[in-house]
Amino acid sequence: MSEELDKSNYGADNIQALEGMEHVRMRPSMYIGDVGVRGLHHLVYEVVDNSIDEALAGHCDTISVIINEDNSITTKDDGRGIPVDIHKKEGVSALEVVMTKIGAGGKFDKDSYKVSGGLHGVGVSCVNALSAHLRATVHRDGKVWEQEYERGKTLYPVKQIGETTERGTIVTFRPDPEIFKQSLEYNYDTLASRLRELAYLNKGITITLLDKREKDEKGEYIGETFHSTEGLKEFIRFLDGNREPLTADVIAMEGEKNGIPVEVAMIYNTSYTENLHSYVNNINTHEGGTHLSGFRRGLTTTLKKYADASGMLDKLKFDVAGDDFREGLTAIISVKVAEPQFEGQTKTKLGNRDVTSAVSQAVSEMLEDYLEEHPNDAKIIVQKVILAATARHAARKAREMVQRKTVMSGGGLPGKLSDCSEQDPEKCEVFLVEGDSAGGTAKQGRDRMFQAILPLRGKILNVEKAMQHKVFENEEIRNIFTALGVTIGTEEDSKALNLSKLRYHKIVIMCDADVDGSHISTLILTFFFRYMRDLVEAGHVYIATPPLYLVKKGAKKEYAWDDDQRDIINQKFGGSAAIQRYKGLGEMNAEQLWDTTMNPEFRTLRQVMIDNGTEADRIFSMLMGDEVPPRREFIEKNAVYANIDA
């Protein structure tokens, strides 16, 4: 009895005082977002950001990133090199302080770095804490210094290992499998996308990426070099390469307003979507903030003033809204702020109020000059605005029709929806199923308690090439809106969603495992990305993975999700097994569909996430836009179904 009482005592000894590095290892998601694939790649970004900070301070122009054969990462720059002399307060080398103390680094000293991306102070010390092994090598003042660490702890004091005429910092780290249990494999394309982005955002810097895990036909390692001389202008051309431009060239400016460096590039195209990408100190602020508000204000005010003065709006019987000025616009806004105030540690929304007026003034001056010097382009832009306003007016009626049919307004659910009986949205999931046949099988196989089924007839509308009112008039899309129960925004912000009435917290796209099924999945994902992006960013959208094969021999049977798995199972069964190829969901009976694709205990769902908004925008515009050659090239490079039916 006394022993139990001792265990229940809560005293001073029960309080854990974790040091910085221990806290990072215990709560890694607080520092890098998650411990999945996204967090794994974030480690690279943190180290590269240190080199970029050196470049922003004018001390570095070349950065290299190497994916080593064992999936470790090496980064190298030609900056000043991390100081190695003894830190007065800590009594050890400054290199050791930077590598092992959270919150240490030159970026907190205004004289060292005027702007910096890593202002939360986790940086390379966080990477060290989450690495099984890390080696830092510094070339500074004619000497080479080195120190190694295991899981954030030093293996030996900083030591000199040679002499050099070079300068800079080299960091090699291997992520810790105790932390990153999901995967330790780096994705080349993911890293390339971010490094390309950094090269555009910091013109003049050369960034190389080399993958030592793979060689090309010539026997050379796969790699790329990213360098931009025009910065955001080139970035816009890259992002909008699959869209038809309305103006002759990219509208661009850079300068400083109220002590804040502002760089903006934009172009209008024939699409019906608005694509704004904003950055603060190279950080992609996908939730926007004061710099984005400033851009919108400057754009709307200046264009409205010009359009009014031109007399082109005189015949309109309704007002022009802010959305109308941004339809078919692709723009990048990049600001450098000495002390950015982000909302939360995720650094996704800027809060500095003084940035709004700085960006607004810069955009107004840029646009006024451009419109005056390019009257033909100005006329085309205003005509695009008028077309957008007219379409928005029509879309309002279509949107109101959808709203009347939502659960919120009492219009009832779509007739094709087979709903579930559970009322708690967190426990509910809805399957968007390709075709009535597969929908019927899914209805029979589901768990009616928490699984709802919404069959979709054929291929839904390609929203990438459709005007907004056509989107809201489409029956299949109306059914999706109505079934989910979300409110569709307002006339001022037509794509803002109110998720408070969302009826299912898992929205699962379930299509055939063939080319047509992939096309339908892409159409649905394009719709979600363009019109329901909040759902994706909140983690509610998933893709089901039905099997491709059923392998049977006697009483034994197993499912296979790819050709390799099929062959392994066939060998395990001794060869000569009967192999059934599922060309569609409808070829499975209800029990098979439940066992393989719908049962939470055994199924595999792929959660749809947006790692890089600018890259996602570019790929959707390429896949679903009008330009055929880049789409063909992408499919040839990435297709996995090309030889299935050969």
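Above: the structure in question.
About the criteria used
Residues numbered from 1 in each chain as written. Predicted model: local features only at pLDDT ≥ 70, side-chain atom pairs only at ≥ 80, totals over all residues. Heavy atoms only, no water. Helix = DSSP H or I, 4+ residues; strand = E, 2+ residues; numbered from the N terminus. Buried < 20%, exposed > 50% of the residue type's maximum accessible area, 1.4 Å probe, protein only. Contact = heavy atoms within 4.5 Å. Areas by Shrake-Rupley, 256 points an atom, 1.4 Å probe, with all protein chains shown as cover. Expected span 1.5 Å × (residues − 1). Axes fitted to C-alpha atoms, helices over the stretch in contact; angles between N-to-C directions. Parallel < 35°, antiparallel > 145°, perpendicular 65-115°, else oblique. Nonpolar A, V, L, I, M, F, W, Y, C, P; charged D, E, K, R; others polar. Pairing = 2+ DSSP bridges. Core = buried A, V, L, I, M, F, W, Y, C linked by side-chain atoms within 4.5 Å.

The subject of this paragraph is the overall build of the protein chain. Summing up its helical and strand segments, the protein chain has 20 helices and 22 strands in all. Looking at the 646 residues of the protein chain, the share that counts as buried comes to 52%. Taking as baseline every contact in the protein chain between residues at least 6 positions apart, the subset at least 24 positions apart corresponds to 69%. With an accessible surface of roughly 30500 Å², the protein chain has 47% of that area assigned to carbon and sulfur atoms.

For helix 14 (residues 475-484), a buried count of nine out of 10 residues is recorded, marking the element as mostly surrounded by other parts of the structure. All of the buried residues in helix 14 are Glu476, Ile477, Arg478, Asn479, Ile480, Phe481, Thr482, Ala483 and Leu484. Following helix 14 by one or two positions, Gly485 adopts a phi angle in the positive range, close to 80 degrees.

Let us look at the side chain of Asn479. In this structure, Asn479 sits in helix 14. Asn479 sits in the buried class, given a relative accessible area of 14%. Asn479 has contacts with Pro414 and Leu454, leaving out every residue within four places of it along the chain.

Let's shift gears to helix 9 (residues 290-310). A turn of α-helix holds 3.6 residues, and therefore any two residues three or four places apart point the same way. Its 21 residues give helix 9 an end-to-end C-alpha distance of 30 Å, which sits within 8% of 30 Å, the value for a rise of 1.5 Å per residue. Of all the positions in helix 9, only Thr290, His291, Leu292, Gly294, Phe295, Gly298, Leu299, Thr302, Leu303 and Ala307 are classed as buried. Looking one or two places after helix 9, you find Gly311, whose phi comes out positive at around 80 degrees.

In contact at an axis separation of 7 Å, helix 7 (residues 188-201) and helix 8 (residues 232-239) are set at 140 degrees when each is read in the N-to-C sense. Taken together, the axis directions place helix 7 and helix 8 in an arrangement best described as oblique. Across the interface between the two elements, Arg196, Glu197, Tyr200 and Leu201 of helix 7 pack against Leu232, Glu234, Phe235 and Phe238 of helix 8. Across the contact of helix 7 with helix 8, the residue classes tally to five nonpolar, no polar and three charged.

Ordered by their spatial adjacency, five strands build an open sheet running 16-15-17-18-22, and the pairing between neighbours is mixed. The strands lining the two open edges of the sheet, one partner per strand, are strand 16 (451-456) and strand 22 (605-607). The sheet shows a mean angle of 30 degrees between the axes of neighbouring strands, direction not considered. Pairing between strand 17 (residues 506-510) and strand 18 (residues 541-544): three bridges, direction parallel. Bridging across to strand 18, Ile507 finds its partner in Val541.

Secondary-structure assignment places Arg533 in helix 16 (residues 533-537). Its relative accessible area of 25% is what places Arg533 among the partly exposed residues. A sequence separation of 77 residues divides Arg533 from Ile610, and the C-alpha atoms of the two residues are 9.3 Å apart. Here Arg533 is in contact with Phe528, Ile610 and Gly613, once residues within four sequence places are set aside.

Ranked by size, the top nonpolar core spans 48 residues in total, and within it Val44, Leu95, Met99, Phe173, Tyr186 and Leu209 carry the most contacts. The element that contributes the greatest number of residues to this core is helix 4 (residues 37-56), accounting for eight residues. Every residue in contact with Leu209, bar those within four places of it in the chain, is listed here: Val65, Ile67, Tyr188, Leu191, Ala192, Leu195, Ile222, Gly223, Glu224 and Phe226. Core analysis: the second largest hydrophobic core is formed by 45 residues, Val486, Ile507, Leu523 and Ile524 among them.

Take it as geometry only, folks, not as evidence of what the structure does.
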